[in-house]
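# Coordinate analysis (summary)
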Amino acid sequence: MTGTAPLDLLGTDHLLSAEERDVAATVREFVQRRVKPFIADWYERGEIDLGLVKEAGDLGLLGMHLEGYGCAGTNAVSYGLACMELEAGDSGVRSLVSVQGSLAMFAIWKFGSEEQKQTWLPGMAAGDLIGCFGLTEPDFGSNPAGMRTRAKVDGDEWVLDGTKMWITNGSVAQVAVVWAQTDDGIRGFVVPTETPGFSAPKIGRKLSLRASVTSELVLEGVRLPRDAVLPHVSGLKGPLSCLNEARFGIVFGALGAARDCLETAIDYASTREIFNRPLSAFQLTQAKLADMALELQKGFLLALHLGRLKDDHRLEPRQISLGKLNNVREALTIARECRTILGANGITLEYPVLRHANNLESVLTYEGTSEVHQLVIGQALTGESAFS
Ligand code: TGC
Ligand code: FAD
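Rules used in this analysis
Per chain, the residues get numbers from 1 upward, laid out in the order the sequence is written. The naming scheme follows written order: chains are lettered A onward, ligands numbered 1 onward. Local features are withheld for residues below a pLDDT of 70 in this predicted model, meaning they are given only at 70 or higher, and side-chain atom pairs are given and counted only at 80 or more; totals for whole chains, interfaces and linings count all residues. Processing note: side-chain calculations cover all non-hydrogen atoms of the structure and skip hydrogens and water entirely. Salt bridges are identified by distance alone: a Lys or Arg side-chain nitrogen within 4 Å of an Asp or Glu carboxyl oxygen. Put simply, DSSP H or I for four residues or longer makes a helix, DSSP E for two residues or longer makes a strand, and each gets a number counted from the N terminus. Each residue's exposure class comes from its accessible area (1.4 Å probe, protein chains only) as a fraction of the maximum for that residue type: buried when under 20%, exposed when over 50%, partly exposed otherwise. For each residue, the test is whether any non-hydrogen atom lies within 4 Å of the molecule or strand; if one does, the residue is near. Polar contact is defined as a pair of N or O atoms within 3.5 Å, subject to the rule that within protein one atom must be able to donate a hydrogen and the other to accept it, and that residues adjacent in sequence are counted only when both atoms are side-chain atoms. Areas reported here follow the Shrake-Rupley algorithm with a probe of radius 1.4 Å; residue values treat only the protein chains shown as occluding. These domain limits were set by an automatic method or by a database of domain assignments. The contact criterion used is simple: two residues touch if any of their non-hydrogen atoms lie within 4.5 Å.

Side chains bearing opposite charge may pair, as long as their charged atoms lie close to each other. Counted according to the given criterion, the structure contains 23 salt bridges. Between Arg308 and Glu20 there is a salt bridge, with its nearest N and O atoms 2.8 Å apart. With Arg308 in helix α8 (residues 283–311) and Glu20 in helix α1 (residues 18–34), this pair connects stretches of sequence that are 288 residues apart. A salt bridge links Glu263 to Arg259; the shortest N-O distance between them is 3.7 Å. In this pair, Glu263 and Arg259 both sit in helix α7 (residues 237–271), 4 residues apart, roughly one turn of the helix. With relative accessibility at 4%, the residue Arg259 sits in the buried group. Among the charged side chains, a salt-bridge network with shared partners connects Arg28, Glu85, Arg259 and Glu263.

Next up, the structure:
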């Protein structure tokens, strides 16, 4: 069972290779065993079992679409399917894997020196080291070009000052990829989090993505050697290239949350008796279920198409924007609709639907808000940038 199965009315499973189906089945089993029995408690307590990181490393999920340095080197579709299965557990678990592999590891893998790669990537792939990715600042989220974090050369060293905000895994990371303004434009820095002047207070009181660590990064006179800079990129295209990778994972991932909601709603509707009949026998319920199954399957075809383009090295950022905008928006609509089918039971942690819906509010915002992706698509259609 892969893709949107068992809701796979279109038979999309046959569009996947045996290897892709194996990856999805392995991750689905992992989520069934290591996430689903515990996630309600983690969510309620606002924490996540960090033992998952090592286990995800053992399964080859960290940086799984990267080649070399202990990474599994799968194709993009397999990575997408893994994200889908992880997010069927919880968006926080998928986030942990995306930030590690697609943001922190990808930045080092793509733009790092050979020494940086050898130092960090094998440990990160194995799950022995956790990475985070610091782009957003308190006053610059959608517009990272305005960032105020600054790196200056002082003798043989860089000195970093600034604040990053909403950084996944910040407080639990051993290494942070931090983007900062320099005299040569925006550059990326590999920052061991034990460096004096670096701190990462946890952000609390979240109502979404509770099973995920979210932090502020504070850099006060953080001194790094000159070779801490990522040598092979300068400018905003550095971090934005990393975002392409993570956004691609979300195109698949959000569908996992939606699938889990829809499976739950169908199961609930078939056992819940209303007016002396199963809720699933009412036409209004069936219309809701049919519309949701349709959107889920359309979303999967879109994701798979983008995955095949990516494996063919033809995927463009504006196409990723189409996928992220559609699939997260539809997943959130499905989660909310499923919540109505569960009635009052739907508001509890006994069922996953409101947890998924709340998580998807974050997914709608991070990795480019819906509005940012609409504007990227608008620019592709009109040739006019609405950003500047
Ligand atoms: P603009 O002037 O258009 O471009 C600046 C330079 O960047 C290049 N570029 C890209 N390169 C690679 N991939 C892309 N998607 C790119 N988009 C643009 C562009 O070619 C140019 O290069 P060059 O060589 O000419 O200098 O940039 P802009 O300032 O107008 O901004 C465009 C905009 C708004 C789309 C961009 O800033 C944006 O995407 N903003 C959203 C920020 C965002 O998504 N932040 C996410 C932070 S990380 C996160 O949320 C992690 S969540 C945890 C999890 O994933 O689980
Ligand atoms: P703003 O940019 O202030 O946007 C506010 C509103 O204005 C939004 O609706 C937005 O769409 C809209 N808007 C913005 N520009 C325009 C425009 N031109 N026209 C019309 N409307 C516009 N960041 C990281 O760097 N690393 C991480 O690991 C990370 N993890 C995150 C984890 C969580 C749980 C969350 C919630 C966020 C995380 N982020 C991370 C930050 C995330 O990327 C930002 O929240 C996001 O980019 C939006 O920035 P903002 O919150 O400052 O909103």
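On we go.
The full set close to ligand 2 counts 16 residues, and Thr136, Ser142, Trp166, Thr369 and Glu371 are the nearest of them. One of the side-chain nitrogen or oxygen atoms of Thr136 is found 2.7 Å away from a nitrogen atom of ligand 2. At 2.7 Å from an oxygen atom of ligand 2 is found a side-chain nitrogen or oxygen belonging to Glu371. Look at ligand 2: alone it shows 970 Å² of surface, and the protein chains cover 66% of it. When residues of the shell around ligand 2 are traced back to their parent elements, those giving at least two are β3 (157–168), α10 (353–365) and α11 (370–382). With 3 residues, β3 is the single largest residue contributor to the shell around ligand 2. Shared between two domains, the shell around ligand 2 holds at least three residues of each, these being domain 2 (131–228) and domain 3 (237–382).

Right, let's get into the site of ligand 1. The full set close to ligand 1 counts 24 residues, and Ser95, Asn244, Arg247, Glu367 and Gly368 are the nearest of them. One nitrogen or oxygen atom from the side chain of Arg94 is found 3.2 Å from an oxygen atom belonging to ligand 1. Within the side chain of Asn244, an N or O atom sits 2.9 Å from a nitrogen atom of ligand 1. Considering ligand 1 on its own, with 1,100 Å² of exposed area, one finds that the protein chains cover 70% of that surface. Residue assignment for the shell around ligand 1 shows that the elements contributing at least two residues are α5 (91–111) and α7. The greatest single-element share of the shell around ligand 1, amounting to 6 residues, is contributed by α7.

Take the environment of Glu263 next. On the accessibility criterion, Glu263 (25% relative accessible area) is partly exposed. The residues contacting Glu263, other than those within four sequence positions of it, are Ala5, Pro6 and Leu7.

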